[in-house]
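Structure assessment
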Amino acid sequence: MTHRLFDAAQLAVIENARNVLAMGAETLKGRTPLYPTDRKAQTRQEAKDGREALTMLLQLRIGALQHEQSLLSLFDAQGRLIEIVDLPEGDLTSCPISYRLIAGHVTRLGAAMCLLSHNHPSGECSPSRPDIALFHQLHAWLKPMECLLIDSLVFTVDDWVSIAGDWTC
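Residues numbered from 1 in each chain as written. Predicted model: local features only at pLDDT ≥ 70, side-chain atom pairs only at ≥ 80, totals over all residues. Heavy atoms only, no water.

**Some points on the sheet that holds strand 1 (residues 70-75)**
- Strand order in this open sheet of 5 strands is 2-1-3-4-5, and the pairing throughout is mixed. The open sheet terminates on both sides in strands that have one partner only, identified here as strand 2 (81-86) and strand 5 (160-162). Ignoring strand direction, the axes of neighbouring strands in this sheet form an average angle of 20 degrees.
- In this sheet, strand 3 (residues 113-119) lies alongside strand 1 in antiparallel orientation, the contact comprising 6 bridges. In the strand pairing of strand 3, S70 is matched with H118.
- Each of strand 1 and strand 2 is contacted by helix 3 (residues 99-109), which is oriented at about 25 degrees to strand 1, the strand it contacts most.
- Sitting on the sheet, helix 4 (residues 129-142) is in contact with strand 3 and strand 4 (148-155), with an inclination near 160 degrees to strand 4. (Pairing = 2+ DSSP bridges. Helix = DSSP H or I, 4+ residues; strand = E, 2+ residues; numbered from the N terminus. Axes fitted to C-alpha atoms, helices over the stretch in contact; angles between N-to-C directions. Contact = heavy atoms within 4.5 Å.)

**Quick word on the side chain of S162**
- For S162, the location among the structural elements is in strand 5.
- Here D151 takes part through its side chain, which lies 2.3 Å from a polar atom of the side chain of S162.
- Engagement of the side chain of S162 in a polar contact is seen with the backbone nitrogen of G165, the distance being 2.7 Å.
- Residues in contact with S162, not counting those within four places in the same chain, are D151, S152, L153 and W167. (Polar contact = N/O pair within 3.5 Å; in protein donor to acceptor, adjacent residues only side chain to side chain.)

**So, the pairing of strand 4**
- Where burial is concerned, most of strand 4 is hidden: 7 out of the 8 residues are buried.
- Where strand 3 meets strand 4, 7 bridges bridge the pair, whose relative direction is parallel. Paired with N119 across the two strands is F155, which belongs to strand 4.
- Bridge count between strand 4 and strand 5: 3 bridges; the pairing is antiparallel. By the bridge assignment, V154 is partnered in strand 5 with V161. (Buried < 20%, exposed > 50% of the residue type's maximum accessible area, 1.4 Å probe, protein only.)

**Let's talk about the packing of helix 3 against helix 4**
- The N-to-C vectors of helix 3 and helix 4 enclose an angle of 45 degrees; their axes lie 12 Å apart at closest approach. For the element pair helix 3 / helix 4, the angle class is oblique. Pair helix 3 / helix 4 crosses with right-handed handedness. Contact residues: helix 3 offers Y99, R100, I102, A103 and V106, while helix 4 offers L134, Q137, L138, W141 and L142.
- Partitioned by chemical class, the residues of the contact of helix 3 with helix 4 number 8 nonpolar, 1 polar and 1 charged. (Parallel < 35°, antiparallel > 145°, perpendicular 65-115°, else oblique. Left-handed = near helix turned anticlockwise from the far one by under 90°. Nonpolar A, V, L, I, M, F, W, Y, C, P; charged D, E, K, R; others polar.)

**Comments concerning helix 3**
- By the burial criterion, the buried members of helix 3 are I102, A103, H105 and V106. Angular distribution of buried residues about the axis of helix 3 spans 160 degrees; they occupy a single face of the element. In helix 3, the exposed positions angled more than 90 degrees off the buried face are occupied by R100, T107 and R108.
- Where helix 3 is buried, its residues contact strand 1, strand 2 and helix 4.
- Trailing helix 3 by a residue or two, G110 shows a phi angle of about 65 degrees, which is positive. (Arc of directions from axis to C-beta.)

Structure (structure tokens):
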């Protein structure tokens with residue numbers, strides 16, 4: 001006998017929610033720059049709205065997970081979203097980050113900027129010392145590849161924190 005956490009109807013709702021999130025990411029791709037390179041007021045407000053939508057989407061994708069999960073959001077030179085990539089899944093307290101894997105995504109998709117995100121299943125949103133160290137190391141490591149690590153975000157089910165403070169909504 002198989003025991004399931006969710007019944008068929010609940011699984012259908014979960015699958016529909018995944019589809020909605022995927023459509024949300026597709027809607028954000030290639031639109032208004034989320035991290036604009038110019039200083040026009042209208043562009044800044046549109047970018048703020050786009051960052052808010054992306055932040056919400058990322059939080060919905062990983063904020064409530066019971067294991068650590070990292071995502072890499074990749075942007076073109078104009079600050080437009082190219083892709084959101086799932087990085088390998090972690091456990092309850094950590095998540096492996098492979099610089100080589102990140103470099104592969106950056107070069108394959110031609111990203112000029114990226115945003116790293118991960119969740120804290122504990123519900124504690126404060127970045128750990130290893131989270132902060134990883135941000136600084138990855139930032140320096142990506143620079144010679146001509147890719148800017150904009151920020152690193154930490155999510156819980158109901159909150160998020162920017163490590164660098166550059167990703168404001």
